[in-house]
Amino acid sequence: MVIPFDRSDSPSSVKEPILHSCLTQSANQQPSNIVNNHTGHQLSNNSSFRSLSMKLHHDYGTSCDEERDLIDCLGRSELKAVRSHADLAKTVHTVRTLNKSLNRATVQLGIEKVVIITKARDNSLVYLTKELTEWLLQTYPNMTVYVDKKLASSCRFNCSGLRKDIPSANTRLKYWTRASLGSDSENISFVITLGGDGTVLHASTLFQTVVPPIVSFSLGSLGFLTNFDFEDFRDVLGKSISDGVNTDLRMRFTCRVHSANGDILEEQQVLNELTIDRGPSPYVTMLELYGDGELLTVAQADGLIVATPTGSTAYNLSAGGSLVHPEVSGICITPICPHTLSFRPVMVPDSMVLRIKVPERSRSTAWAAFDGRERVEIKQGEYVSVKASIFPF
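Residues numbered from 1 in each chain as written. Predicted model: local features only at pLDDT ≥ 70, side-chain atom pairs only at ≥ 80, totals over all residues. Heavy atoms only, no water.

## Focus on the overall build of the protein chain
This is how it is decided: A run of DSSP states H or I qualifies as a helix once it reaches four residues; a run of E qualifies as a strand once it reaches two. Both are numbered from the N-terminal end. Exposure categories follow from relative accessible area, calculated using a 1.4 Å probe and restricted to protein chains: below 20% of the type maximum is buried, above 50% is exposed, and the middle band is partly exposed. The contact rule is simple, with two residues in contact once any of their heavy atoms fall within 4.5 Å. Accessible areas in this description were obtained via Shrake-Rupley with a 1.4 Å probe; residue shielding takes into account the shown protein chains only.
In terms of helices and strands, the protein chain carries 11 helices and 20 strands. When the 393 residues of the protein chain are sorted by exposure, 46% land in the buried category. Here the contacts in the protein chain between residues at least 6 apart in sequence split such that 66% fall between residues at least 24 apart. Of the accessible surface of the protein chain, which amounts to about 19,300 Å², a share of 50% is contributed by carbon and sulfur atoms.

Have a look at this one:
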């Protein structure tokens, strides 16, 4: 997701040589070689590593050999041993700096393929979508704009009128569907959303793997995730395309529904929360909660909410859970009307893999909802696994 560009966080004023200077310098050369795609840990380009090590040695007096060892550690599938506790502490610091720098990274937006996501049935938003589309087509001759296919027959959007006024729109104005976005997400330059937080959540469900940069304009009732006013869209988009943008990577969950024998029945990427509740049953749900394979508790309640830091302000907060800053690496677990007062909201590290199971002895089934959508029944013996997704938002 894109946040307002803050020059105080630019590499020229923030002394973060471990990543900020090196990655920014290397990004102008071969960005695809800097960070392994979506695993995000290994610096595979030798020149990138040399720039990193030289910068560390110049600014901090650290040994290039020591830093090479630390960076190599980050590229391993698991860190089994280190030479000393001091090396371990340095590695932890490097990982924290890596995470901080990635969250402050400046991204240059392409303009080849831009997608606009809005509510096609909202008449006022359709008019604004037309205004935005017309401006993009006129301002950027090399840009191809994709709008919801439902707008193809909209009189208010007036596709034929747009193509008459802008002849090049015959080839540069196209339509997207859920299937087309899911199969071609890596080739999308960026996405523009017009609406509220619900529209942003809808965009998250459309991209179940790689998520392009999201530029969100506030036109709805809630605006926790919408950073820009639509009245300023010309300035915002103009500066974003010319100067680049600051990214705000939000953690998502990979949620999988498993049968009793472990087969995957459903998989969803979740930005806000996974909710498992009793559904239409008059009985409270019985849910076994496991963390990294260990039984944490057996919950008897109306349900459980497993929320990301982004989702901590939504259903989680209404159910009595804690507010969590988006940069905190944690998972919120909040019961819904628990049968016993001893089960309170808790937070666990985002490295933990959770499993929520409906035991065989449960009197009723449960229902899982992913960001309030796609409700799935969880029968006795079945379970849902939850872990931090490799595809952030």
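Having seen it, we continue.
## Some thoughts on the sheet that holds strand 8 (residues 228-229)
Which entries qualify depends on this criterion: Paired strands are those between which DSSP finds at least two bridges. The angle between two axes is taken between their N-to-C directions and runs from 0 to 180 degrees, where each axis is a line fitted to C-alpha atoms and a helix contributes only its stretch in contact.
Here 6 strands make up an open sheet; going across it, the order is 5-4-3-6-7-8 and the pairing parallel. At either margin of the open sheet sits one strand with a lone partner, and together these are strand 5 (173-176) and strand 8. With 3 bridges joining them, strand 3 (residues 113-117) and strand 4 (residues 144-148) adopt parallel strand pairing. Note that in strand 4 the partner of valine 115 across the bridge is tyrosine 146. Against the sheet, helix 5 (residues 123-139) touches strand 3, strand 4, strand 5 and strand 6 (190-195), its axis set at about 150° to strand 6.

## So, a positive patch on the surface
Our working rule: Only residues whose relative accessible area exceeds 30% and that take part in no salt bridge are eligible for patches, with like-charged residues grouped when within 9 Å of each other and nonpolar side chains (Val, Leu, Ile, Met, Phe, Trp, Tyr) grouped when within 5 Å. Note on definitions: salt bridges are taken to be side-chain nitrogens of Lys or Arg within 4 Å of carboxyl oxygens of Asp or Glu. A positive count includes Lys and Arg, and a negative count includes Asp and Glu. His and the chain ends are not counted in either. In this description, the location of a charge corresponds to atom NZ of lysine, CZ of arginine, CG of aspartate or CD of glutamate.
A surface patch of like charges, here positive, comprises Arg121, Lys150, Arg178 and Arg373. The class of arginine 178 is partly exposed, set by a relative accessible area of 46%.

## Remarks on unusual backbone geometry
Most peptide bonds take the trans form, and the phi angle of most residues other than glycine is negative. Positioned with a positive phi, asparagine 158 is a non-glycine residue whose angle comes to about 55°. Along the chain, asparagine 158 turns up in the loop between strand 4 and helix 6 (159-165). Unlike most non-glycine residues, aspartate 292 shows phi in positive territory, near 55°. Along the chain, aspartate 292 falls in the loop between strand 13 (285-291) and strand 14 (294-307).

## Points about the layout of surface pockets
Note the following rule: A cavity here means a set of 1 Å grid points, computed over protein atoms only, where a 1.4 Å probe fits but cannot escape. A pocket is an open set with protein on both sides within 12 Å along at least 5 of 7 lines, and lining residues have an atom within 4 Å of a point. Grid points are joined across faces, edges and corners, and a volume is the space filled by probe spheres set on the points. Residues are grouped as follows: nonpolar covers Ala, Val, Leu, Ile, Met, Phe, Trp, Tyr, Cys and Pro; charged covers Asp, Glu, Lys and Arg; every other residue, Gly included, is treated as polar.
Of the pockets and cavities examined, the second largest pocket occupies roughly 250 Å³. In terms of lining, the second largest pocket is formed by 13 residues, of which the most central are Thr118, Lys119, Asp148, Lys150 and His202. For the lining of the second largest pocket, the element with the highest residue contribution is helix 9 (residues 197-206), accounting for 4 residues. When the residues that make up the lining of the second largest pocket are grouped by side-chain class, the tally is 3 nonpolar, 4 polar and 6 charged.

## Quick notes on a negative patch on the surface
Where like charges cluster on the molecular surface, the negative patch consists of Asp229, Glu231, Asp232 and Asp235. Structurally, aspartate 229 is set in strand 8. Overall, aspartate 229 belongs to the partly exposed group, its relative accessible area being 44%.

## What about the packing of aromatic side chains?
The relative placement of two aromatic rings is captured by the distance of their centres and the angle of their planes. The following threshold applies: Side-chain rings of Phe, Tyr and Trp (the six-membered ring for Trp) are treated as a pair once their centres are within 6.5 Å; stacked means planes under 30 degrees apart, edge-to-face means over 60, and tilted covers the remaining angles. Each ring is checked for a lysine NZ or an arginine CZ that lies within 6 Å of its centre and within 35 degrees of its normal; such an atom marks a charge sitting over the ring.
With the rule as written, the count across this model stands at 5 aromatic pairs. Between phenylalanine 217 and phenylalanine 230 the ring centres are 6.2 Å apart and the planes differ by 80°, which places this aromatic pair in the edge-to-face class. Placement of the pair is phenylalanine 217 in strand 7 (residues 214-218) and phenylalanine 230 in the loop between strand 8 and helix 10 (233-243), with a sequence separation of 13 residues. With relative accessibility at 6%, the residue phenylalanine 230 sits in the buried group. Clustering of aromatic rings is evident, with ring pairs tying together Trp135, Tyr140, Phe217, Phe228, Phe230 and Phe233. A cation over a ring is seen here: lysine 113 above tyrosine 146, with NZ or CZ 4.8 Å from the ring centre. Lying over the aromatic face of tyrosine 290, arginine 355 brings its terminal NZ or CZ to 4.2 Å of the ring centre.

## Topic: the side chain of aspartate 277
By the secondary structure assignment, aspartate 277 is in strand 12 (residues 273-277). The class of aspartate 277 is buried, set by a relative accessible area of 16%. Beyond its immediate stretch of four places on either side in the chain, aspartate 277 contacts Thr285, Asp302, Gly303, Ala366, Trp367 and Arg375.

## Section: the confidence of the model for the protein chain
Note the following rule: The pLDDT value tells you how sure the predictor is about a given residue, anywhere from 0 up to 100.
Mean pLDDT over the protein chain works out to 82, with 79% of the residues at or above the 70 mark. Note on residues 7-64: pLDDT is under 50 here. Beyond four places in sequence and across chains, it has 84 contacts.

## Brief notes about the nonpolar core
Using the following cut-off: Here, the term nonpolar core denotes a set of buried Ala, Val, Leu, Ile, Met, Phe, Trp, Tyr and Cys residues that are joined through side-chain atoms within 4.5 Å.
Leu132, Leu136, Ile192, Phe217 and Leu237 are the most contacted members of the largest nonpolar core, which totals 32 residues. Listing elements by their share of this core, those giving two or more residues are strand 3, helix 5, strand 4, helix 6, strand 6, strand 7 and helix 10. For this core, the element with the most residues is helix 5, which contributes 5 residues. Filtering out sequence-adjacent residues up to four positions away, leucine 132 remains in contact with Ile116, Ile192, Leu194, Phe230, Phe233 and Leu237. Val270, Leu287, Val358 and Ala368 belong to the second largest nonpolar core, which has 27 residues in total.

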